[in-house]
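Residues per chain are reported as follows:
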Amino acid sequence: MSRGPLSRLDPGERFAGSRRSLLLHSIFTSFQGEGPFLGSYQLFLRLRGCNLACRYCDTPEAREEEGGFRVELEGATAECGTNPVPIEVVEGWVSRLWERVMHSMALTGGEPLLQVDSLVALLSRIVKHGIPVYLETNGTLPGALAELLDLVEYISMDVKLPSALGGRDLLPLQVNFLQVAQKKDVFLKVVLEESTPPEELERACRFLGREAPEVPLVIQPASPSCESKPPSFSQLLEAHRTASKFFQQVRVIPQVHRLAGWV
Ligand code: SF4
């Protein structure tokens with residue numbers, strides 16, 4: 001994997017790049033395949049670059065800062081281009097592809113908040129089109145989230161356990177992030193693998209649940225890959241019991257877009 005300016009950042013830091021352009025991976029339309037908004041029809045804006053390297057990452061190509069972008073229409077590539085992309089060009093694609101039947105525009109990655117300055121400029125224009133913004137984030141950049149908060153409606157915040165990060169403990173940072181995020185419609189998502197130590201989940205739930213027990217928590221079994229094995233049914237049941245001690249709403253939801261063959 002390349003090590004550009006975004007991936008060199010530690011969790012909690014931000015990218016001081018251009019405020020008027022984005023490192024874009026792709027723009028496409030599809031059904032939301034994860035979490036409580038499962039099945040909602042959305043416009044997706046996937047950005048490049050990430051400050052983490054999760055073992056179960058299902059979008060390694062978007063962690064790369066180098067490379068161009070593509071726009072997909074109904075599953076086929078309609079246009080490709082080079083990065084960085086001026087925000088006016090991104091806005092043009094969004095307004096062209098947006099349909100009134102869509103739930104929201106999903107901002108995903110990579111880690112979108114690494115490009116917060118440009119995103120503030122873009123989203124200030126997007127929301128004037130009446131488009132709600134749904135942010136998918138790894139939950140490690142609370143300062144960047146605070147700058148963007150007024151421009152997003154929904155937040156999907158990942159909970160990152162140390163075993164997925166080679167032992168790094170990001171929980172204090174994630175508690176800070178949740179303190180900011182809970183001012184919006186937020187839910188938590190934690191990916192479980194067969195090898196996830198149960199005590200890691202319990203500790204994360206204790207600290208985050210103490211902060212916001214009413215926030216929904218989604219347990220997402222890792223999708224099978226060479227790096228990652230999904231947990232068994234009994235492991236999921238135990239995880240649900242553990243999480244339910246700290247959160248009022250706990251659900252187990254797999255990545256349906258992978259099962260269904262959606263984009
Ligand atoms: S935060 Fe998301 S994009 Fe980044 S490495 Fe982890 S799973 Fe992949």
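In this text the structure is predicted, and so the values were computed from the model without any measurement. (Residues numbered from 1 in each chain as written. Predicted model: local features only at pLDDT ≥ 70, side-chain atom pairs only at ≥ 80, totals over all residues.)

A.B. asks: Help me understand the site of the ligand, please; the structure alone is not making it clear to me.
C.D. replies: Residues in contact with the ligand, as listed here, are C50, L52, A53, C54, C57, T59, A62, R63, G109, G110, E111 and N138. Tallied by class, the residues present in the shell around the ligand amount to 6 nonpolar, 4 polar and 2 charged. (Near = placed C-beta within 6 Å. Nonpolar A, V, L, I, M, F, W, Y, C, P; charged D, E, K, R; others polar.)

A.B. asks: What's the story with the environment of K183 in this structure? I'm lost.
C.D. replies: Among the structural elements, K183 can be located in the loop between α5 (171-181) and β10 (185-192). Along the chain, K183 and E74 lie 109 residues apart, while their C-alpha atoms are 35 Å from each other. (Helix = DSSP H or I, 4+ residues; strand = E, 2+ residues; numbered from the N terminus.)

A.B. asks: Can you walk me through the packing of α5 against helix α6 (residues 198-211) in this structure?
C.D. replies: The N-to-C vectors of α5 and α6 enclose an angle of 25°; their axes lie 10 Å apart at closest approach. Judged by the inter-axis angle, α5 sits roughly parallel to α6. Judged by the sense of rotation from one axis to the other, the crossing of α5 with α6 is right-handed. Two secondary-structure elements touch here, α5 through L171, Q174, V175, L178 and Q179 and α6 through A204, F207, L208 and E211. (Axes fitted to C-alpha atoms, helices over the stretch in contact; angles between N-to-C directions. Parallel < 35°, antiparallel > 145°, perpendicular 65-115°, else oblique. Left-handed = near helix turned anticlockwise from the far one by under 90°. Contact = placed C-beta atoms within 7 Å.)

A.B. asks: Sorry if this is basic, but what is going on with the packing of helix α2 (residues 87-97) against helix α3 (residues 116-126) here?
C.D. replies: In the contact formed by α2 and α3, the axes pass within 10 Å of each other and the chain directions differ by 40°. Between α2 and α3, the angle is such that the two are oblique. Of the two elements, α2 crosses α3, and the hand of that crossing is right-handed. Contacts between α2 and α3 involve I87, V90, E91 and V94 from the first element and S118, A121, L122, R125 and I126 from the second. Residues of the contact of α2 with α3, tallied by class, amount to 6 nonpolar, 1 polar and 2 charged.

A.B. asks: Which parts of the structure should I look at to understand the sheet that holds strand β2 (residues 24-31)?
C.D. replies: Sheet strands associate in pairs through backbone hydrogen bonding, adopting either a parallel or an antiparallel arrangement. Reading across from one edge, β5-β4-β2-β3-β7-β8-β9-β10-β11-β12 is the order of the 10 strands in this open sheet, with mixed pairing throughout. Of all strands in the sheet, those with a lone pairing partner are β5 (76-81) and β12 (250-252), marking the two edges. Each adjacent strand pair in this sheet contributes to an overall mean axis angle of 20°, direction not counted. Note: strand β3 (residues 41-47) against strand β7 (residues 104-108), 5 bridges, orientation parallel. In the strand pairing of β7, Q42 is matched with S104. (Pairing = 2+ DSSP bridges.)

A.B. asks: What exactly am I supposed to notice about unusual backbone geometry here?
C.D. replies: The phi torsion of most residues other than glycine is negative, and most of the peptide bonds are trans. Backbone torsion omega between N83 and P84 reads -5°, so that peptide bond is classified as cis. Secondary-structure assignment places P84 in the loop between β5 and β6 (85-86). Here G109 and G110 are connected by a cis peptide whose omega angle stands at 10°. Relative to the helices and strands, G110 is located in the loop between β7 and α3.

A.B. asks: Can you help me understand the pairing of β7 in this one?
C.D. replies: Side-chain direction in a regular strand flips from residue to residue, so the side chains alternate between the two faces of the sheet. For β7, the buried fraction is high: 5 of the 5 residues fall into the buried class. The alternating pattern of β7 places S104, A106 and T108 and M105 and L107 on opposite faces, both of which are buried. Two elements, β7 and strand β8 (residues 133-137), share 3 bridges in a ladder whose sense is parallel. Each residue of the ladder has a partner; that of L107, found in β8, is L135. Where the polypeptide runs from β7 across α3 and back to β8, its parallel neighbour, the crossover connection is right-handed. (Buried ≥ 20, exposed ≤ 12 C-beta atoms within 10 Å, placed from the backbone. Right-handed = clockwise from strand over helix to strand, strands pointing away.)

Limitation: the analysis is restricted to geometry and does not speak to function.
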